[in-house]
Amino acid sequence: MSSATDEFGPFCGALGCTEDADVVINHPEHGRRTVCENHAEGHEVVADV
Ligand SMILES: [Zn+2]
């Protein structure tokens, strides 16, 4: 969760997804990707956004 009031966070890196990013995952093919919590499912979460 961001404490900033008025900031555009990074967006989910999944193709076609426009959700705000929540976490960084370690993707087996793409390495570290910043994604929303839905797309983080099934992947190793390495950091919060
Ligand atoms: Zn997503």
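Everything discussed here concerns the structure shown above.
Procedures and definitions
Residues numbered from 1 in each chain as written. Predicted model: local features only at pLDDT ≥ 70, side-chain atom pairs only at ≥ 80, totals over all residues. Helix = DSSP H or I, 4+ residues; strand = E, 2+ residues; numbered from the N terminus. Contact = placed C-beta atoms within 7 Å. Pairing = 2+ DSSP bridges. Axes fitted to C-alpha atoms, helices over the stretch in contact; angles between N-to-C directions. Buried ≥ 20, exposed ≤ 12 C-beta atoms within 10 Å, placed from the backbone. Core = buried A, V, L, I, M, F, W, Y, C linked by C-beta atoms within 7 Å.

K.L.:
Is there a simple way to think about the environment of A40 in this case?
P.N.:
Within the secondary structure, A40 is located in helix 1 (residues 37-40). Measuring from C-alpha to C-alpha, the distance between A40 and N26 comes to 9.2 Å, with 14 residues separating the pair along the chain. Every residue in contact with A40, bar those within four places of it in the chain, is listed here: D22, V23, I25, V35 and V45.

K.L.:
Can you walk me through the environment of N38 in this structure?
P.N.:
Locating N38 in the fold gives a position in helix 1. In this structure the C-alpha to C-alpha distance between N38 and A21, which are 17 residues apart in sequence, comes to 9.6 Å.

K.L.:
Just checking my understanding: could you explain the sheet that holds strand 2 (residues 31-35) for this structure?
P.N.:
Across a sheet, strands are paired by hydrogen bonds formed along the backbone, either parallel or antiparallel in direction. Here three strands make up an open sheet; going across it, the order is 2-1-3 and the pairing antiparallel. Looking at which strands have only one partner, the edges of the open sheet turn out to be strand 2 and strand 3 (44-48). Going from strand to strand, the sheet's axes swing by 35 degrees on average, the running direction of each strand aside. Sheet topology places strand 1 (residues 23-27) next to strand 2; five bridges connect them, and they run antiparallel. Across the sheet, residue V23 finds its bridge partner in strand 2, namely V35.

K.L.:
Would you explain the pairing of strand 3 in this entry?
P.N.:
On any regular strand, side chains alternate: one points to one face of the sheet, the next to the other face. Taken across its five residues, strand 3 has zero buried, putting it largely on the surface. Looking at chain direction, strand 1 and strand 3 are connected through four bridges and run antiparallel. If you follow V24 over to strand 3, its bridge partner there is A47.

K.L.:
I tried to follow the nonpolar core on my own but got confused; where do I start?
P.N.:
Grouped burial of nonpolar side chains is what soluble globular proteins tend to show. Core analysis: the largest hydrophobic core is formed by five residues, namely C12, A21, V24, I25 and V35. Every residue in contact with V35, bar those within four places of it in the chain, is listed here: C12, G13, A14, A21, V23, I25 and A40.

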